[in-house]
Amino acid sequence: MKQFTFCFDLKPHRRVRAVCEHRGRGTSLATLVVLFNPWCPDDSVFLPDEKERQEYVMNEQGTIYKGSGNYISPMSWDFGQFEENMVKICLTLLDINHKHFKEPAKDVSARCDPIYVSRVISAMINSEDDRGVLEGRWTGPFYGGVAPSHWNGSHAILKRWYTIGCHPVKYGQCWVFAGVMCSVMRLLGIPCRVITNYQSAHDNNKNLIIDVYHADYGVRAKESKDSVWNFHVWVEGWMRRPDLTEDGTYDGWQVLDPTPQEMSDGVYCCGPAPVKAILNGDTHLKYDVPFVFAEVNADCIDWLVKADGSKVKIFSDTKRVGQNISTKYIGSNKRWNITDDYKHREGSETEREIFKQATTRDFYRGEKDIENGEKKENLPPPEVFMRFEE
């Protein structure tokens, strides 16, 4: 009996072909694809609870919530992360992202980092500035495609995108973007869940306030790009954040939003933003914490614009934004209200104090860190041993 031992130095999202050579002849055994491993304590996406792993990695069926804060409407969603060719489709999605075209070696070497990979996925689910999966459209008509309400699962969308040469599938809205991203994240081994925020703010100028302007008599009306949506849907991914602190303060659930709203580091993506940072008003941290903080906790202020250009505050609502933040409960179809994970009780002293602190943080510090580049110490990849016996 002869035995052959192979040692591979592997990182997540590496493809390695295992070949056995004997008497000068080589035989291809398999192509190995190394994914993230939420069962492994040394992995950056390690999730200690088995029930949570089954729900947020293995479960192919889920619920996405729509409607309004007073009339919450659940819809079933088939994530289908283990359907045919999903590995090939998801790896192709990574391979055609713009960072891979610019610096392929750097892109591939960074795929052991769930922070990096999740940002790439967030950008690639929408097609705003790349060959992403979905084209968004928020009003009809939906010529050349189907209405977003047509979809009830991810696999059909991803399969069509792959089949038509990686051109955008028409059309999607926030819950479709989020459902598809959740599928890709789970396939790659990153625990993920879909989140719905009711009365969700879109703060265009990063002042954490939704401004509405009313013109005084004889004054031209001033438009505001800020808005509040009935609901908005994003995802959370579970991972460590050693780029923020060494003590694990911001490890855990991270907000990621594939719906194209605002640019982040020059690309239409959002996150990962630590949920703990949002709760504590740490808007100086990356990625995109100020934007997500505003989505769940912005103040709404109405202004009267005077003839001399000055503004007078005529109304303020500090409780409208961010209601009934919801996700599917672990192991059941019940709705789980996780609003307390994102914000303190509305109107409480703590909530008002944190809002005040959030508005005084240096929002652009995280963006400067991205532009300047940061040195990050990567842990050595685990060794994988394979033995073949004849």
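No experiment lies behind these values; they were computed from the predicted model shown. (Residues numbered from 1 in each chain as written. Predicted model: local features only at pLDDT ≥ 70, side-chain atom pairs only at ≥ 80, totals over all residues. Heavy atoms only, no water.)

1. Describing the sheet that holds strand S15 (residues 323–328)
What counts here: Two strands pair under a simple rule: DSSP has to find at least two bridges between them. Secondary structure elements follow DSSP: runs of H or I of four or more residues count as helices, runs of E of two or more count as strands, with numbering from the N terminus.
Pairing within the open sheet is antiparallel, and its 6 strands lie in the order S12-S11-S10-S8-S15-S16. At either margin of the open sheet sits one strand with a lone partner, and together these are strand S12 (273–274) and strand S16 (335–337). Note that strand S11 (residues 252–256) and S12 share 2 bridges and pair antiparallel. The partner of Gln254 across the bridge, within S12, is Pro274.

2. Focus: the sheet that holds strand S13 (residues 299–305)
Selection criterion: Every axis corresponds to a line fitted to the C-alpha atoms, with the helix fit spanning only the stretch in contact, and the corresponding angles, defined between N-to-C directions, vary from 0 to 180 degrees.
The 3 strands are arranged S9-S13-S14 in an open sheet whose pairing can be described as mixed. The two strands at the open ends of the sheet, each matched to only one other strand, are strand S9 (209–215) and strand S14 (311–317). Looking at each pair of strands side by side, their axes are set apart by 25 degrees on average, direction ignored. Pairing of S13 with S14, which is carried by 6 bridges, proceeds in the antiparallel orientation. The residue bridging Val305 from the neighbouring strand is Lys311, located in S14.

3. A word on the nonpolar core
Test applied: Each nonpolar core is a collection of buried residues, namely Ala, Val, Leu, Ile, Met, Phe, Trp, Tyr and Cys, held together in the definition by side-chain atoms within 4.5 Å. Three labels apply to residues, based on accessible area from a 1.4 Å probe with only protein chains included: buried if under 20% of the type maximum, exposed if over 50%, partly exposed otherwise in between. Two residues form a contact once any of their heavy atoms are found within 4.5 Å.
Among the nonpolar cores identified, the biggest contains 51 residues, and Ile121, Ile125, Val133 and Trp175 are the most heavily contacted of them. Taken together, the elements giving at least two residues each to this core come down to strand S4 (61–67), strand S5 (72–78), helix H2 (86–95), helix H5 (114–125), helix H6 (155–163), helix H7 (174–187), strand S8 (192–202) and strand S10 (227–239). A total of 11 residues in this core trace back to one element, the largest contributor, which is H7. Not counting the four nearest positions on each side in its chain, Val133 is found in contact with Leu93, Met124, Ile125, Asn126, Ile157, Leu158, Trp161, His167, Pro168, Val169 and Val180. Grouped together as the second largest cluster of nonpolar side chains are 33 residues, Tyr56, Leu208, Val255 and Ile278 included.

4. Let's talk about unusual backbone geometry
Geometrically, the link from Lys170 to Tyr171 is a cis peptide bond, its omega value of 5 degrees lying close to zero. By the secondary structure assignment, Tyr171 is in strand S7 (residues 169–172). With an omega of 5 degrees, the peptide bond running from Lys286 to Tyr287 counts as cis. Its location among the elements puts Tyr287 in the loop between helix H8 (275–280) and helix H9 (289–297). In this structure, Asp288 is a non-glycine residue whose phi angle is positive, near 60 degrees. Looking at where Asp288 falls in the secondary structure, it is placed in the loop between H8 and H9.

5. Looking at the pairing of S15
Pairing between S8 and S15: 2 bridges, direction antiparallel. Bridge assignment links Thr196 to a residue of S15, and that residue is Ser326. Here 3 bridges tie S15 to S16, and the two strands are oriented antiparallel to one another. Residue Lys328 lies in a different strand from S16, and its bridge partner there is Arg335. Taking the residues between adjacent antiparallel strands as the criterion, S15 and S16 are bridged by 6 residues, where Gly331 takes a positive phi near 75 degrees.

By themselves, these observations are geometric and do not establish any function.
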